[in-house]
Amino acid sequence: MMLRDHPFFHNLFSLRLPAEDYVISGSGPLLLHGIRREIGDLDVVARGAAWEVARRFGTSEEAPLGWAQRISLMNGSIEVLNGWFDYSVDSLIMEAEVFEGIRFMPLLRVIEWKLRLVENGVGRDKDLRDISDIRVYLEMKDYSSRSF
C-alpha cells in the first residue's frame, strides 16, 4: 500500500494544506519507515498558509502539553499544531525528509523529543518502545548499507 492510500493521509490531503507549510511529526515518521504498522492519529505541524487553512475547518485550543495550539480534525484522526515543543516550525519543515511529496520529521528528531518527554516525566511506555524500535531500525539500516 502506498502511504497516500492510508486513511489518515487521505483525510490530510482532502484538507488541501500547502505542502511546503507543514511537516508530519508524532508517530507518522514511524509509519513511514515501517517501524509501526498502526498509528492513532496524524500529527501535522503547520505554519502560515497551512495553519490558516486548518483554522477554517476547526477551532484551535491549547495542546495537551501546552507548547502549541492544536486543531483536531476528522474525528481526531488529524491533529494540526502550530508548534512542536520549542523547535522552530520553519527548521522542522526545512530539515524534513520528503516522501511521496510529504514532509516527515527525521527519525533522529523523533528520538530527541521522545527522550525529552521521558526525561521530563511525561513520557509514556510507548515513547520508550518507540525510542528502542527507532534505534534498532537505524542500526539495521546502517548495517545493511555497508558493503562487504
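Refer to the structure presented above.
A. Focus on the pattern of salt bridges. The final tally for this structure, using the stated rule, is 13 salt bridges. Arg55 is the partner of Glu52 in a salt bridge, and the nearest nitrogen-oxygen pair spans 3.5 Å. Taken as a pair, Glu52 and Arg55 lie in helix α3 (residues 48–57) at a separation of three residues, close to a single helical turn. When its relative accessible area of 45% is taken as the criterion, Arg55 is described as partly exposed. Between Glu112 and Arg109 there is a salt bridge, with its nearest N and O atoms 2.5 Å apart. Of this pair, Glu112 and Arg109 both sit in helix α5 (residues 107–119), three residues apart, which is roughly one turn of that helix. Accessibility expressed as a relative area gives 32% for Glu112, which makes it partly exposed. Among the residues examined, Arg109 registers a relative accessible area of 21% and is labelled partly exposed. One network of salt bridges, in which partners are shared, links Arg36, Lys114, Arg124, Asp127 and Asp130.

B. Highlighting the pairing of strand β4 (residues 69–73). Strand direction decides the pairing type here: strand β3 (residues 61–62) and β4, joined by two bridges, are antiparallel. Its bridge partner lying in β4, Glu62 is registered against Gln69. A loop of six residues connects β3 with β4, the two strands running antiparallel in sequence, and Gly66 in this loop sits at a positive phi of about 80 degrees. Sheet topology places β4 next to strand β5 (residues 78–81); four bridges connect them, and they run antiparallel. Residue Ile71 lies in a different strand from β5, and its bridge partner there is Val80. Counting the residues between successive antiparallel strands, the hairpin from β4 to β5 contains four residues, one of them, Met74, with a positive phi of roughly 55 degrees.

C. Broad picture of the side chain of His33. For His33, the position within the fold is in the loop between α2 (28–32) and β2 (42–46). Those residues in contact with His33 that lie beyond four places of it in its chain are Glu97, Leu107 and Tyr137.

Definitions and limits used
- Residues numbered from 1 in each chain as written.
- Predicted model: local features only at pLDDT ≥ 70, side-chain atom pairs only at ≥ 80, totals over all residues.
- Heavy atoms only, no water.
- Salt bridge = Lys/Arg side-chain N within 4 Å of Asp/Glu carboxyl O.
- Helix = DSSP H or I, 4+ residues; strand = E, 2+ residues; numbered from the N terminus.
- Buried < 20%, exposed > 50% of the residue type's maximum accessible area, 1.4 Å probe, protein only.
- Pairing = 2+ DSSP bridges.
- Contact = heavy atoms within 4.5 Å.

Just distances and angles here, no functional claims.
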